[in-house]
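Summary of structural features
For reference, the chains in residue letters:
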Amino acid sequence: QVQLVESGGGLVQAGGSLRLSCAASGRIFSNYAMGWFRQAPEKEREFVAAIRWSTRDTDYADSVKGRFTISKDDAKNLVYLQMNSLKPEDTAVYYCAAKRWLGTSWREPNNYDYWGQGTQVTVSS
């Protein structure tokens, strides 16, 4: 069993930065991948970024590429999402998720096994 807890959300002006953290407890195996997703009101949950635990391979949605960076701290079992040059359209609840690496797409939320409770990010114009 894996538990995930996000933190670091808040209110920021457009052009500003935030760093989200995801604390993972329980057994995170080397064959896991960690993802960040977001969901705005009345919209579907969408992929933001992902990192493979063992290889540190990363992937980003086109909408955040060049602005967001996903990283992890193995010793602390933390996953970060550094968000720079934030835009009002980045406003959403951001979720951390974990999936076993079974060869399925890490961009698809239904492929994830564990989810955090979410943290609100609001970007004002």
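Quick note: structure is the one above.
The rules behind these values
- Residues numbered from 1 in each chain as written.
- Predicted model: local features only at pLDDT ≥ 70, side-chain atom pairs only at ≥ 80, totals over all residues.
- Heavy atoms only, no water.
- Helix = DSSP H or I, 4+ residues; strand = E, 2+ residues; numbered from the N terminus.
- Contact = heavy atoms within 4.5 Å.
- Salt bridge = Lys/Arg side-chain N within 4 Å of Asp/Glu carboxyl O.
- Buried < 20%, exposed > 50% of the residue type's maximum accessible area, 1.4 Å probe, protein only.
- Polar contact = N/O pair within 3.5 Å; in protein donor to acceptor, adjacent residues only side chain to side chain.
- Phe/Tyr/Trp six-rings, centres within 6.5 Å; stacked < 30°, edge-to-face > 60°.
- Lys NZ or Arg CZ within 6 Å of the ring centre and 35° of its normal.

1. Some details on the environment of V12
- For V12, the location among the structural elements is in strand β2 (residues 10–13).
- A sequence separation of 74 residues divides V12 from L86, and the C-alpha atoms of the two residues are 8.1 Å apart.
- Once you skip the residues sitting within four places of it in the chain, V12 turns out to touch S17, L18, L86, T122, V123 and S124.

2. Topic: the pattern of salt bridges
- One pass over the full model with this rule turns up eight salt bridges.
- E46 is the salt-bridge partner of R38, the closest N and O atoms lying 2.5 Å from each other.
- Relative accessible area serves as the criterion here: at 5%, R38 is assigned to the buried category.
- Note on E46: relative accessible area 35%, which makes it partly exposed.
- Members of the salt-bridge network, linked through shared partners, are R38, E46, R67 and D90.

3. Overview of the side chain of D59
- Topologically, D59 is positioned in strand β6 (residues 58–60).
- Note on D59: relative accessible area 17%, which makes it buried.
- Here W106 takes part through its side chain, which lies 3.2 Å from a polar atom of the side chain of D59.
- In contact with D59, other than residues within four places in its own chain, are F47, V48, A49, A50, W106 and R107.

4. Describing the side chain of D90
- Inspection of the secondary structure puts D90 in the loop between β8 (78–83) and β9 (92–100).
- At 2.9 Å, the side chain of D90 and the side chain of R38 are in polar contact.
- If near-sequence neighbours (up to four positions away) are discounted, D90 is found in contact with R38, R67, F68, S85, V121 and V123.

5. Observations concerning the packing of aromatic side chains
- The final tally for this structure, using the stated rule, is five aromatic pairs.
- Ring geometry for F37 against W115: centres 5.2 Å apart, planes inclined by 55 degrees, an arrangement best described as tilted. Here W115 lies in strand β10 (residues 114–115) and F37 lies in strand β4 (residues 32–39), a separation of 78 residues in the sequence.
- The exposure class of F37 is buried, given its relative accessible area of 0%.
- Between the aromatic rings of Y112 and W115, the centroid separation amounts to 5.9 Å while the plane-to-plane angle is 55 degrees, which identifies the pairing as tilted.
- Of the residues examined, Y112 reaches a relative accessible area of 6% and is grouped as buried.
- Every member of this aromatic cluster is reached through a ring pair, and the members are F37, F47, Y95, Y112 and W115.
- Taking the ring centre of Y80 as reference, the NZ or CZ of R19 above it sits at 4.2 Å.
- Of note, R45 hangs over the ring of Y95, and the distance from its end group to the ring centre comes to 3.8 Å.

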